[in-house]
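One letter stands for each residue in the lines below.
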Amino acid sequence: MIFEQLPAGGDRNFAYLLADASGREAALVDPAGNTEALLARVRDQRLDLLYVVNTHGHFDHSAGNAAVQAATGAKLVRFDPRARRTATEIGVRDGDELPLGRRTLRFLHTPGHSPDSLCILCGNKLLTGDTLFVGKVGGTGYGEDAREEYESLHRKLLVLPDEIEVYPGHDVGLTPSSTIGHERRTNPFLLRKTFAAFLELKRNWLEYKREHGIA
Ligand SMILES: [Fe+2]
């Protein structure tokens, strides 16, 4: 399998290139920033880009959609509660899968940071967008969106095995990637066992960071 974590401008955004090495079928997740550099990775490896996938619609994860689609003919894959399909788009819902050569992309709907947030599982790799970062979680307000994020983290992500590798949408942690097990054991937000405690940490995050020397 070809798997690349690529800088994508913005606030230390990551794009991801996944491909089945035998069939050359590829997916590019969250293109933004210097899309020419991302497209060069596709061309240089002679990949057949089937999908442009957005973990959510925020501009810093989707600004390159049109340029990449125009250059490759790839279909845009994003969350759609009605799972509509057109000539250029594939809407996906929780649990949907798409083939990528002999591999499979599985989509988990993880609302919270945004209503359309998706995480993408391919083999033992989980792309978490802005739902889960290394050592923290995606930004929300303090209302229903925070509760949705808490539920998404616990019901969709923490049910996965420890060895699943975590690849976030921004490089904001001590390391650019992690595992479900490491986050389960160390991520202060995931160590909060009730929504009230999770919310309290969100409210006091700046103070917590200062106290614990987190950048
Ligand atoms: Fe975002």
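Let me sum up the structure you'll find in this document.

What counts, and where the lines are drawn
Residues numbered from 1 in each chain as written. Predicted model: local features only at pLDDT ≥ 70, side-chain atom pairs only at ≥ 80, totals over all residues. Heavy atoms only, no water. Donors = N, O, S within 2.8 Å, 3.2 Å for Na, K, Ca; no water. Helix = DSSP H or I, 4+ residues; strand = E, 2+ residues; numbered from the N terminus. Buried < 20%, exposed > 50% of the residue type's maximum accessible area, 1.4 Å probe, protein only. Polar contact = N/O pair within 3.5 Å; in protein donor to acceptor, adjacent residues only side chain to side chain. Contact = heavy atoms within 4.5 Å. Pairing = 2+ DSSP bridges. Axes fitted to C-alpha atoms, helices over the stretch in contact; angles between N-to-C directions. Disulfide = S-S within 2.5 Å. Phe/Tyr/Trp six-rings, centres within 6.5 Å; stacked < 30°, edge-to-face > 60°. Lys NZ or Arg CZ within 6 Å of the ring centre and 35° of its normal. Right-handed = clockwise from strand over helix to strand, strands pointing away.

With that settled, consider the coordination of the iron ion. Surrounding the iron ion are the protein donor atoms His 56 (NE2), His 58 (ND1), His 113 (NE2) and Asp 130 (OD), at 2.2 to 2.4 Å. Within one chain, the residues donating to the iron ion are spaced in sequence as H-x1-H-x54-H-x16-D. Of the two residues, His 113 sits in the loop between β8 (103-109) and β9 (118-122) while Asp 130 sits in the loop between β10 (125-129) and β11 (132-133), which places them 17 residues apart along the sequence. Looking at His 113, the relative accessible area reads 19%, which means it is buried.

Before going further, it helps to spend a moment on the side chain of Thr 140. Relative to the elements of secondary structure, Thr 140 occurs in the loop between β12 (136-137) and α4 (144-157). A polar side-chain atom of Thr 140 sits 2.9 Å from a polar atom in the side chain of Lys 202. Discounting chain neighbours no more than four positions away, the residues touching Thr 140 are Gly 112, His 113, Asp 145, Ala 146, Glu 149 and Lys 202.

Another aspect to go through is the sheet that holds strand β6 (residues 89-92). A sheet is described by the order of its strands in space; here six strands give the open sequence β1-β2-β3-β4-β5-β6, paired in mixed fashion. Of all the strands in the sheet, the pair left with one neighbour each is β1 (2-7) and β6. Taken over all neighbouring pairs, the strand axes of this sheet differ in orientation by 20 degrees on average, direction set aside. With six bridges joining them, β1 and strand β2 (residues 14-19) adopt antiparallel strand pairing. Counterpart to Pro 7 in the pairing with β2 is Phe 14. Here helix α1 (residues 35-44) sits on the sheet and contacts β1, β2, β3 (25-29) and β4 (48-53); the angle it forms with β1, its principal contact strand, is near 160 degrees. Contacting β3, β4 and β5 (75-79), helix α3 (residues 65-72) crosses the sheet at an angle of about 160 degrees to β4.

With that settled, the discussion passes to the state of the cysteines. Overall, the coordinates contain zero disulfides when judged by the stated rule. The thiol sulfur of Cys 119 is not disulfide-bonded, and the nearest other cysteine sulfur, from Cys 122, lies at 14 Å.

Bringing the packing of aromatic side chains into the picture now. In this structure the tally under the stated criterion is ten aromatic pairs. Between the aromatic rings of Tyr 150 and Phe 195, the centroid separation amounts to 5.8 Å while the plane-to-plane angle is 65 degrees, which identifies the pairing as edge-to-face. Here the residue Tyr 150 occupies a position in helix α4, and Phe 195 occupies one in helix α6 (residues 195-203), the gap between them amounting to 45 residues. The class of Tyr 150 is buried, set by a relative accessible area of 10%. Here the aromatic residues Tyr 150, Phe 189, Phe 195, Phe 198, Trp 205 and Tyr 208 are joined through ring pairs into a cluster of three or more. Cation over ring: Lys 125 sits above Phe 3, and NZ or CZ is 5.0 Å from the ring centre.

Here we take up the pairing of β4. Strand direction decides the pairing type here: β3 and β4, joined by five bridges, are parallel. Of the residues in β4, the one forming a bridge with Leu 28 is Val 52. Regarding topology, α1 serves as the crossover connection from β3 to the parallel β4, and that connection is right-handed. Pairing of β4 with β5 involves three bridges; the strand directions are parallel. Within the sheet, the bridge partner assigned to Val 52 lies in β5 and is Leu 76.

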